[in-house]
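What follows is each chain in one-letter form.
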Amino acid sequence: MNQYRIAIVGAGAIAQKHAQVLSELPNAAFAGCCDAGSGRAAALCSRWGVRAYSDWQSIMDDASVDVVIIASPIGLHME
């Protein structure tokens, strides 16, 4: 079974839930996340022992990330 490395854009409450669910899936691994400079990504990533990315572009540039979850506020998804 393949294991997919999944990163999260946004580090609010829903990102914490996503990280929890990813940890329970046999074919997924939480790769890290980024936020808009609030510091929540660093705290969330520290808790899970994964990388805190500086921004969404650095996630997209990481070839080891297979899937990205957009967990920013709905009004910011397009941006």
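Above this note sits the structure.
Rules used throughout
Note that residues are indexed from 1 along each chain, following the sequence as it is written. In view of the model being predicted, local features appear only for residues whose pLDDT reaches at least 70, and side-chain atom pairs are presented and counted only at 80 or more, with totals across whole chains, interfaces and linings using the full set of residues. Side-chain numbers come from the whole structure's heavy atoms, not from hydrogens or water. For the purposes of this entry, the term helix denotes a DSSP run of H or I that reaches at least four residues, the term strand denotes a run of E that reaches at least two, and both are numbered from the N terminus. Relative accessible area decides the class of each residue, using a 1.4 Å probe on protein chains only: under 20% of the type maximum gives buried, over 50% gives exposed, and in between gives partly exposed. Residues are treated as being in contact if the distance between any of their heavy atoms lies within 4.5 Å. Only the protein chains shown count as cover for residues, with accessible areas throughout obtained via the Shrake-Rupley method and a probe of 1.4 Å. Side-chain atoms within 4.5 Å link the members of a nonpolar core, which is a set of buried Ala, Val, Leu, Ile, Met, Phe, Trp, Tyr and Cys residues. Of all possible arcs, the one meant is that of the directions from the helix axis to the C-beta atoms. At least two bridges found by DSSP between two strands are what make those strands a pair.

*Asks:* Hey, could you go over the overall build of the chain for me, with residue numbers and the actual values?
*Replies:* Tallying secondary structure elements over the chain gives 3 helices and 4 strands in all. Counting helices and strands in the order they occur from the N terminus, the chain gives β-α-β-α-β-α-β. Looking at the 79 residues of the chain, the share that counts as buried comes to 37%. Across the chain, the fraction of contacts at a sequence separation of at least 24, relative to all contacts at a separation of at least 6, is 56%. Accessible area for the chain stands at about 4900 Å²; split by element, carbon and sulfur atoms hold 56% of it.

*Asks:* If you had to explain the environment of Gly-39 to someone new, which residues and values would you point to?
*Replies:* By the element assignment, Gly-39 lies in the loop between β2 (28–34) and α2 (40–48). For Gly-39, a relative accessible area of 39% corresponds to the partly exposed category.

*Asks:* Explain the nonpolar core residue by residue, including any values.
*Replies:* Within the largest apolar cluster, 14 residues are counted, with the highest numbers of intra-cluster contacts made by Ile-8, Leu-22, Phe-30, Cys-33, Leu-44 and Ile-69. Mapped by element, the contributors of at least two residues to this core are β1 (4–9), α1 (13–24), β2 and α2. Counting residues in hydrophobic clusters, the runner-up holds 7 residues, among them Ala-31, Tyr-53, Ile-59 and Val-65.

*Asks:* Can you lay out α2 for me, pointing to particular residues and giving the numbers?
*Replies:* Count 3.6 residues to each turn of an α-helix, and residues three or four apart come out pointing the same way. If you check which residues of α2 are buried, you get Ala-41, Leu-44 and Cys-45. Along α2, the residues classed as buried sweep out an arc of 95° about the axis, all on the same side. Among the exposed residues of α2, those pointing more than 90 degrees away from its buried face are Ala-43, Ser-46 and Arg-47. In the core, the buried residues of α2 are packed alongside α1, β2 and β3 (51–52). One or two positions beyond α2, positive phi appears at Gly-49, with a value near 70°.

*Asks:* Could you give an account of the sheet that holds β2, with specific residues and numbers?
*Replies:* In spatial order, the strands read β3-β2-β1-β4; together these 4 strands make up an open sheet with parallel pairing. A strand with exactly one partner marks an edge of an open sheet, and here the two such strands are β3 and β4 (67–70). Summarising the sheet, β2 and β3 pair through 2 bridges and their orientation is parallel. Pairing of Cys-33 across the sheet is with Ala-52, part of β3.

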